[in-house]
Amino acid sequence: MPVTNSVTKTSPGQHRSAAPLFWLPLIFAGSVLASPLTQADDQEPSTDFSGLSVIEPPLPEVLTTTRLRQPKPRVPGTTTIIEGDLIRDLGVMNLVEVFRLVPGMTVAEVGSNNPVTSYHGTVHYEQRRLQVLVDGRTSYRASLSDTDWHTIPVPLELIERIEVSRGPNAAADGINAFLGTINIITRSPDDTAGVQLGAVSGSRGHLRTFGSVGGASDPYSWRLAYEKRKSDGFDKQVDDDQFFPFHDGFDINTFSYDGVVRTSDSTNLELRGGVVDGINEEDLRKNGKLGATDNPDIIVDDYYLQARLNVSTSENHFFHFQANYQNYQRRQRWPMCISGPVIDDILAGNSPEFEFEPGDCMPGDSPAPFIADLNEDIEESRLEFELQDTLYFTPDIKLVSGLGYRKDTYRSETFFNGRGNNYQSRLFANLEYTPVEWVTFNAGGNWESTTTTDENYLSPRVAANLLITENQALRFVYSEAVRTPDAFEQTPDWGYTIRNVRAPYDFLEGVRVDVEDLVDPRTSTFGEELEEERIISREISYFGQFFVNQALLSLEIRYFNDHLTDMISGVINEEEWFIANNVGLDQEGFEVESSIDYADTKLRATYAYLDQDGRYTGDPEKLDAGDQEYVVELLGRLSVRHSGSFAWIQQLPFNLTSSATFYWADEFRRAHFERADFRIARRIFASSYSYELAFTMQHYLNRIPDLSPDNIIQNHNQFFVEAGIRF
């Protein structure tokens with residue numbers, strides 16, 4: 001069900017008052033900095049800035065924020081980089097869990113085990129305020145503006161790196177780059193030649209198998225990959241203090257092709273394509289509606305095609321043209337049964353009570369019940385073109401610019417009573433200017449026109465980076481961004497067409513019941529035009545990287561102050577529809593990310609503090625005081641005051657590698673989340689093959705489900721074994 005927010009009103013649980021690991025990232029940095037600072041060659045820090053135009057190899061580079069390859073001290077905004085090797089060393093089990101390593105990001109499950117993640121929270125259902133890119137391809141669903149993390153076709157084995165631009169600083173990435181931008185970059189076929197096979201199996205029916213085969217040569221490199229992801233979901237759910245089985249697993253298959261064709265030293269063509277199919281289970285008790293008598297499972301059937309031409313005309317000028325097409329199809333159908341007296345009451349013109357319970361209605365009842373089929377099928381597609389040009393006028397002046405066009409098409413008998421289209425056109429640019437060695441200015445923006453609201457928007461960003469030394473910088477960033485409502489929020493035509501109606505009510509075959517006629521007319525905003533959401537963000541951040549004795553220390557601290565206006569909040573379901581631009585949010589806080597790398601040891605710690613203050617700004621006549629407070633609360637359900645992570649990877653004798661990870665999120669909605677992961681792996685490298693065996697344990701320290709009381713894990717020790725081979 002495409003709801004903006006759950007309609008369940010539950011009270012927050014007891015929260016702990018402070019996060020005990022608040023100081024961990026700073027202790028990291030402080031303990032190492034207590035040692036004498038040295039450069040790589042044990043010399044004092046240089047005051048000679050003549051080498052600043054050269055990218056120092058140890059400095060991490062960022063691609064996402066400006067689309068320029070920039071060393072971190074010159075990037076106009078804080079960006080977290082998660083390398084693929086880190087993900088695999090920590091034994092992360094699925095893609096969405098990676099974002100527990102990012103300061104300020106929250107990960108949870110809603111509905112029937114549907115994963116969500118967000119930067120600085122807001123609503124817990126559809127996460128439509130993050131831009132999510134996979135190899136430059138926008139991956140959130142077009143018309144419901146949601147990201148389905150179960151079905152993103154990215155096996156963990158193929159992740160090169162993930163960059164998360166925190167805040168609306170990636171101005172070139174469009175309307176959904178509102179709270180942040182996630183950019184997932186997969187490995188080149190050049191790096192994955194040969195055969196790789198792997199499997200992971202463990203608690204709650206977890207199964208993930210992966211296989212790839214490919215070749216690499218000068219004119220053409222290629223890779224074919226297959227992955228199966230399967231889980232039984234949570235162990236049980238609770239309803240009226242009784243426990244029931246939870247039908248909330250998934251079984252997803254992905255098949256992908258990646259290729260690189262080199263026609264000359266200056267031109268190559270990247271080709272990508274893939275299909276995704278499977279089933280995402282939905283529980284009858286949790287998500288059944290309108291008299292459903294069976295689980296309304298979702299059948300997934302997606303595919304995508306992508307081509308990108310890269311051309312370098314000189315060392316200082318290159319451009320690419322990219323085209324991609326994606327299609328998302330979800331089929332969700334279920335049988336319904338409404339008892340004879342109730343359907344007779346509805347046919348008499350009275351509104352239904354919507355309190356149908358499984359087992360209330362049986363085919364043999366007298367008077368005859370109403371039996372038919374309903375569906376929430378939807379198909380969405382996106383056609384997108386982009387041209388980007390990068391020009392280095394001098395080593396100190398760099399310009400990236402481009403234009404893009406997108407067509408989103410949606411087809412659904414239930415949600416749109418047919419089909420429709422939205423069109424977006426945009427121009428983007430970023431200019432990096434370094435007038436003197438110790439300061440870099442970045443100015444960028446994205447101009448966008450969309451038929452969703454028939455308006456134009458400009459999202460600007462300006463920044464100044466003051467370089468303290470070669471590897472340290474202070475950043476001052478100001479940015480603005482918008483998020484437009486999606487097609488379903490803006491132009492709903494929601495109704496259920498009754499199919500396969502059994503006698504004696506077969507005269508109702510094909511009748512469409514419009515939700516607009518069912519919702520509460522006193523509060524309904526169904527069909528009312530919405531405006532765009534807006535954010536103004538200010539950031540002061542520090543990045544430093546040092547060689548300290550035998551270790552490489554990295555420290556990044558971000559202070560932010562965000563002002564969000566006209567936020568869309570409210571409830572969408574068959575009984576109530578009162579979404580509107582009715583909430584304003586102010587949020588302030590800071591985040592710390594640090595890491596220490598020794599030859600055989602890697603330590604990494606993060607901490608985030610978020611102070612979020614919301615207020616109702618809508619029409620006071622529309623909602624009573626209780627509902628006004630409720631819509632404000634909805635905008636903070638996934639927001640967490642304290643959160644963080646700690647990771648330790650250790651190389652051991654006998655080709656063993658161990659890792660220990662601790663994740664926590666405090667003052668969450670119902671409780672706090674705490675989990676410790678432990679992994680031991682043995683890797684063997686031979687001349688013609690390599691293999692790995694590993695064992696992982698996840699221990700949930702807190703026994704209260706964090707977001708939904710239904711997400712019950714019976715055994716708080718979860719076990720996983722994995723094996724992989726490459727040749």
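The structure displayed is predicted, hence computed values, not measured ones. (Residues numbered from 1 in each chain as written. Predicted model: local features only at pLDDT ≥ 70, side-chain atom pairs only at ≥ 80, totals over all residues. Heavy atoms only, no water.)

Describing the overall build of the protein chain
Stage number 1. Regarding its fold elements, the protein chain presents six helices and 36 strands.
Stage number 2. Over its C-alpha atoms the protein chain spans a radius of gyration of 26 Å, differing by no more than 12% from the 27 Å that the globule rule assigns to 727 residues.
Stage number 3. Dimensions of the protein chain, computed from the C-alpha atoms along their principal axes, are close to 90 × 60 × 55 Å.
Stage number 4. The buried share of the protein chain, reckoned over its 727 residues, is 56%.
Stage number 5. Long-range pairs, those at least 24 residues apart, make up 67% of the contacts in the protein chain between residues at least 6 apart in sequence.
Stage number 6. Computed over 62 positive and 110 negative side-chain charges, the separation of the two mean positions in the protein chain equals 4 Å. (Helix = DSSP H or I, 4+ residues; strand = E, 2+ residues; numbered from the N terminus. Rg over C-alpha atoms; globule rule 2.2 N^0.38 Å. Buried < 20%, exposed > 50% of the residue type's maximum accessible area, 1.4 Å probe, protein only. Contact = heavy atoms within 4.5 Å. Lys, Arg positive; Asp, Glu negative; His and termini not counted. Charge placed at Lys NZ, Arg CZ, Asp CG, Glu CD.)

Examining the nonpolar core
Stage number 1. Grouped together as the largest cluster of nonpolar side chains are 61 residues, with contacts concentrated most on Leu95, Phe99, Trp149, Ile162 and Ile182.
Stage number 2. In this structure, Phe99 is in contact with Met105, Val107, Thr117, Trp149, Ile162, Val164 and Ile182, ignoring residues within four places of it in sequence.
Stage number 3. Core analysis: the second largest hydrophobic core is formed by 31 residues, Ala292, Ala372, Trp494 and Ile572 among them. (Core = buried A, V, L, I, M, F, W, Y, C linked by side-chain atoms within 4.5 Å.)

Thoughts on the pattern of salt bridges
Stage number 1. Within this structure, the stated rule accounts for 54 salt bridges.
Stage number 2. Among the charged side chains, a salt-bridge network with shared partners connects Arg128, Arg129, Arg483, Asp486, Glu489 and Glu533. (Salt bridge = Lys/Arg side-chain N within 4 Å of Asp/Glu carboxyl O.)

Let's talk about unusual backbone geometry
Stage number 1. Backbone torsion omega between Ser366 and Pro367 reads 5 degrees, so that peptide bond is classified as cis.
Stage number 2. Residue placement: Pro367 occurs in the loop between α4 (340–347) and β19 (370–375).
Stage number 3. Positioned with a positive phi, Asp135 is a non-glycine residue whose angle comes to about 50 degrees.
Stage number 4. By relative accessible area, which is 12% here, Asp135 ends up buried.
Stage number 5. For Phe654, which is not a glycine, the phi torsion comes out positive at approximately 65 degrees.
Stage number 6. Along the polypeptide, Phe654 turns up in the loop between β32 (642–652) and β33 (656–666).

Considerations on the state of the cysteines
Stage number 1. The tally for this structure, following the rule as stated, stands at one disulfide.
Stage number 2. Across a sulfur-sulfur distance of 2.0 Å, Cys337 and Cys361 are joined as a disulfide pair. Across the disulfide from Cys337 to Cys361, rotation about the S-S bond amounts to roughly -50 degrees, and the bridge is consequently left-handed. One end of the pair, Cys337, is in strand β18 (residues 317–338); the other, Cys361, is in the loop between α4 and β19, with 24 residues separating them in the sequence.
Stage number 3. The class for Cys337 is buried, based on a relative accessible area of 6%.
Stage number 4. Taking relative accessible area as the criterion, Cys361 reaches 8% and is therefore assigned buried. (Disulfide = S-S within 2.5 Å.)

Quick notes on a negative patch on the surface
Stage number 1. Residues Asp454, Glu455, Glu529, Glu531 and Asp566 make up a contiguous surface patch of negative charge.
Stage number 2. Among the secondary structure elements, Glu531 is positioned in the loop between β27 (512–514) and β28 (533–548).
Stage number 3. Exposure remark for Glu531: the relative accessible area of 33% places this residue in the partly exposed category. (Patch = residues over 30% accessible without salt bridge, like charges linked within 9 Å, V, L, I, M, F, W, Y side chains within 5 Å. Areas by Shrake-Rupley, 256 points an atom, 1.4 Å probe, with all protein chains shown as cover.)

A closer look at the packing of aromatic side chains
Stage number 1. Under the criterion given, the structure shown has 23 aromatic pairs.
Stage number 2. With centroids separated by 6.1 Å and ring planes inclined at 90 degrees, the aromatic side chains of Phe416 and Phe488 adopt a geometry described as edge-to-face. One end of the pair, Phe416, is in the loop between β21 (397–412) and β22 (418–436); the other, Phe488, is in helix α5 (residues 487–490), and 72 residues separate them in sequence.
Stage number 3. With a relative accessible area of 2%, Phe488 lands in the buried category.
Stage number 4. An aromatic cluster is defined as three or more aromatic residues linked by ring pairs; in this entry it consists of Trp334, Tyr410, Phe415, Phe416, Phe488, Trp494, Tyr496, Phe526 and Trp577. (Phe/Tyr/Trp six-rings, centres within 6.5 Å; stacked < 30°, edge-to-face > 60°.)

Details of the environment of Pro60
Stage number 1. On the secondary structure map, Pro60 appears in the loop between α1 (24–33) and β1 (61–62).
Stage number 2. The partly exposed category is assigned to Pro60, whose relative accessible area is 23%.
Stage number 3. Residues Pro60 and Pro71, spaced 11 residues apart in sequence, show a C-alpha to C-alpha distance of 5.8 Å.
Stage number 4. Excluding residues within four positions of it along the chain, Pro60 makes contact with Gln70, Pro71, Lys72, Ile81, Phe543 and Gln545.

Re the sheet that holds strand β9 (residues 180–186)
Stage number 1. Taken in spatial order, the five strands line up as β3-β8-β9-β6-β7 in an open sheet, and their pairing is mixed. Bordering the open sheet on either side are β3 (79–83) and β7 (137–138), each of which pairs with just one other strand. (Pairing = 2+ DSSP bridges.)

What to know about the side chain of Gln718
Stage number 1. Residue placement: Gln718 occurs in strand β36 (residues 717–726).
Stage number 2. The exposure class assigned to Gln718 is buried, which follows from its relative accessible area of 2%.
Stage number 3. The contact partners of Gln718, leaving out residues within four places of it in the chain, are Ser203, Arg204, Thr696, Met697, Gln698, Tyr700 and Ile713.

Some thoughts on the environment of Tyr559
Stage number 1. Along the chain, the position of Tyr559 falls in strand β29 (residues 551–569).
Stage number 2. Look at Tyr559 and you get partly exposed, because its relative accessible area is 33%.
Stage number 3. If near-sequence neighbours (up to four positions away) are discounted, Tyr559 is found in contact with Arg538, Glu539, Ile540, Glu588, Gly589 and Phe590.
Stage number 4. A distance of 2.5 Å separates polar atoms of two side chains, one belonging to Tyr559 and the other to Glu588. (Polar contact = N/O pair within 3.5 Å; in protein donor to acceptor, adjacent residues only side chain to side chain.)

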